[in-house]
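Secondary and tertiary structure notes
This is what each chain is made of:
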Amino acid sequence: MLGAFANAFRTPDLRRKLLFVLGVVVIFRLGSQIPSPGVHVDNVQTCLNRIEDQGLYTLINLFSGGALLQLSIFALGIMPYITASIILQLLVVVIPRLELLKKEGQSGQAKITQYTRYLTLALAVLQATGIVALARSRQLLQDCDQPLLHDENSTATFLVMVITMTAGTAVIMWLGELITDRGIGNGMSILIFCQVVATFPASLWAVRQSQGWGTFAIVMAIGLALVAAVIFIEQAQRRIPVQYARRMVGRKMFGGSSTYIPLKVNQAGIIPVIFASSLLYLPAMAAQFNATSDSAWVRWINEHFVQGDHPLYMAVYFSLIIFFTYFYVSITFNPKEIADNMKKYGGFIPGIRAGKPTEDYLSYVLSRITLPGALYLGLISLVPLIAFALIGANQNFPFGGTSILIMVGVALDTVKQIESQLQQRNYEGFLR
Amino acid sequence: MTLLFTIVLMVTSALMILLVLLHKGRGGGLSDMFGGGVSTGLGGSSVAERNLDRYTIGIGIIWFASVIALGLLLAYDGQV
């Protein structure tokens, strides 16, 4: 294991990429700590300490790594980009023009990416305005009556903060793209990974302080077991054998090989979890914007959707995850396309005719294998909620389902990419 | 002084947003974000792209510096 690390750093190409990623991450974390101009840092810190363990805030902090509530320059984090991606992903299904673009292949995909970037910045302006307005009227951190800004009435400060946060989002987007381009792994997911991991030690320590060493040990043990279970299922796949017919083209011989199509149990990755949790985050956000009005629906949402341990919340979360798993798998994996490609190159699944029967077979296997995948995603997201409610740890337990899935998913993915780079040079990888 | 840095920050922020949008978006959205997805081909960056990178980094440094400067100015304006 350590030898593999040494090998990774001995390869000049890989070393450059790894160091590049590390550098970008350092910049990213640094920016997450620097407050926007005009923020009264002392007051913010005092208020943060007071409200540490309220449900909604831990959810917000999970995705922004604590940057949002500190009103730092990278306060919005990658949330705008994720939201924009989700919106475009859904729009592709609805709007025919976008669907055409997607079918076009690489150039169309590039155009969709460009739209995502524009939408990201539009969303960033919206969110920044909302957050700064909340901070200005002292509603961002509830039960805290100290001014969060130095000059609450100044329009200039307001504008400066909004434009700084928007520019910060642009910078984050660029950093993510730089990692994808020149580093290793996917930039955006690595940045999310950082934010999730950043709050991790602190919340683990909070468990130790509030519950003592015994609970801490139990939490650690359950956490490790969960990580192992997640890795086990993430790696699971069904291999559908494919036989390619041997054929002559001119004087050359083609094909004749047998391969397989890997169908992962969890084909959708962690996207359903992210979709579901960001959708569920909307009502809580809306309630917070109207916190002062104290109308019936605000109270209802606060009761059912903010704390995260209400049965209704769990049920909605679970069913949303299952829905999005099927939805996302159906978007990304197209049995008809694969069947057509196989037919074109003379491939077939043993025992199944090419063309339509192959397509049917693939979608049959896929829909069956996705069921345990979807259930797994839903359960993993809920198990910590239930287990920790039993132990008596409160909301800010460190091994939340979403964070554990993100951590393991991104880490596995990145390590696999490093591994494939290593194997190009015949070095032994991390994974045996 | 505060006014000067405010203007500098506004201008550099706007430039920063513009420059980042001028970049060709790499890493096609969410689809290849978490697992799966073929890594994009190595299209070597052109001269224009490299110059763009240089400008972005330059503006980025100015932006960062003015954020810190303005933050300090606003924080200690009344007290010093």
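Residues numbered from 1 in each chain as written. Chains lettered and ligands numbered in written order. Predicted model: local features only at pLDDT ≥ 70, side-chain atom pairs only at ≥ 80, totals over all residues. Heavy atoms only, no water.

Below, the discussion takes up the overall build of chain A. Counting secondary structure elements, chain A contains 17 helices and five strands. Relative to its 432 residues, chain A shows a buried fraction of 50%. Split by element, the accessible area of chain A, about 20,100 Å² in all, is 62% carbon and sulfur. (Helix = DSSP H or I, 4+ residues; strand = E, 2+ residues; numbered from the N terminus. Buried < 20%, exposed > 50% of the residue type's maximum accessible area, 1.4 Å probe, protein only. Areas by Shrake-Rupley, 256 points an atom, 1.4 Å probe, with all protein chains shown as cover.)

Tallying secondary structure elements over chain B gives two helices and zero strands in all. Going through the 80 residues of chain B one by one, you find that 38% of them count as buried. Taking the intrachain contacts of chain B between residues at least 6 apart in sequence as the baseline, contacts between residues at least 24 apart amount to 95%. Accessible area for chain B stands at about 4,600 Å²; split by element, carbon and sulfur atoms hold 72% of it. (Contact = heavy atoms within 4.5 Å.)

In this structure, Leu405 of chain A together with Trp63 of chain B are the most contacted members of the largest nonpolar core, which totals 91 residues. Residue-level mapping places this core at the junction of two domains, with at least three residues from each of domain 1 (1-198) and domain 2 (201-399) of chain A. Setting aside residues up to four positions removed in sequence, Trp63 of chain B forms contacts with Ile73, Phe74, Thr164, Ala167, Gly168 and Val171 of chain A together with Leu9, Thr12 and Ser13 of chain B. By size, the runner-up hydrophobic cluster in this structure holds 20 residues, among which are Val44, Leu76, Ala128 and Met165 of chain A. (Core = buried A, V, L, I, M, F, W, Y, C linked by side-chain atoms within 4.5 Å. Domains from an automatic or database assignment.)

A few words on the environment of Ile68 of chain B. Residue and element names in this part refer to chain B. In this fold, Ile68 is placed in helix 2 (residues 47-76). For Ile68, a relative accessible area of 36% puts it in the partly exposed group. A C-alpha to C-alpha distance of 10.0 Å links Ile68 and Leu9, two positions 59 residues apart in sequence.

Note: interface size is frequently given as the accessible area lost on complex formation between the parts. Residue-level contacts link 48 residues of chain A with 36 residues of chain B. The interface formed by chain A and chain B holds one salt bridge in total. Among the salt bridges present, the one from Arg182 of chain A reaches Asp53 of chain B, with a minimum N-O distance of 2.4 Å. Elements with a contribution of two residues or more to the side of chain A that touches chain B: helix 5 (79-94), helix 7 (106-136), helix 8 (155-182), helix 9 (187-198), helix 12 (271-289) and helix 17 (401-423) of chain A. (Salt bridge = Lys/Arg side-chain N within 4 Å of Asp/Glu carboxyl O.)

Our focus in this paragraph is the packing of aromatic side chains. Applying the stated rule across the entire model yields six aromatic pairs over all chains. Here the aromatic residues Phe323, Phe324 and Phe327 of chain A are joined through ring pairs into a cluster of three or more. (Phe/Tyr/Trp six-rings, centres within 6.5 Å; stacked < 30°, edge-to-face > 60°.)

With respect to topology, three strands assemble into an open sheet ordered 4-1-5 (chain A), the strand pairing being antiparallel. Each having just a single partner strand, strand 4 (258-264) and strand 5 (347-348) of chain A make up the two edges of the open sheet. (Pairing = 2+ DSSP bridges.)

Our focus in this paragraph is the side chain of Thr325 of chain A. Residues and elements named next belong to chain A. Mapped onto the elements, Thr325 comes out in helix 14 (residues 311-332). The exposure class assigned to Thr325 is buried, which follows from its relative accessible area of 2%. Polar contacts involving the side chain of Thr325 include one to the main-chain carbonyl oxygen of Ile321, which spans 2.6 Å. (Polar contact = N/O pair within 3.5 Å; in protein donor to acceptor, adjacent residues only side chain to side chain.)

In this section: the confidence of the model for chain B. Residues and elements named next belong to chain B. Looking at chain B as a whole, the pLDDT averages 75, with 69% of positions reaching at least 70. Counting interchain partners and residues more than four positions distant, the pLDDT-below-50 stretch residues 31-43 has 22 contacts. Of the two predicted TM-score estimates for the complex, the pTM is 0.81 and the ipTM is 0.83. (pLDDT = per-residue confidence, 0-100.)

Looking now at the packing of helix 2 (residues 12-33) of chain A against helix 8 of chain A. A packed helix pair is summarised by two numbers, namely the angle formed by the two axes and the spacing between the axes. All names here are of chain A. Between helix 2 and helix 8, the shortest axis-to-axis distance is 10 Å and the interhelical angle comes to 170°. Comparing the axis directions of helix 2 and helix 8 gives the class roughly antiparallel. Counting all contacts with helix 2, which are made through Lys17, Phe20, Val21, Val24, Ile27 and Phe28, the residues of helix 8 involved are Ile172, Leu175, Leu178, Ile179 and Arg182. When its residues are assigned to classes, the contact of helix 2 with helix 8 shows nine nonpolar, no polar and two charged. (Axes fitted to C-alpha atoms, helices over the stretch in contact; angles between N-to-C directions. Parallel < 35°, antiparallel > 145°, perpendicular 65-115°, else oblique. Nonpolar A, V, L, I, M, F, W, Y, C, P; charged D, E, K, R; others polar.)

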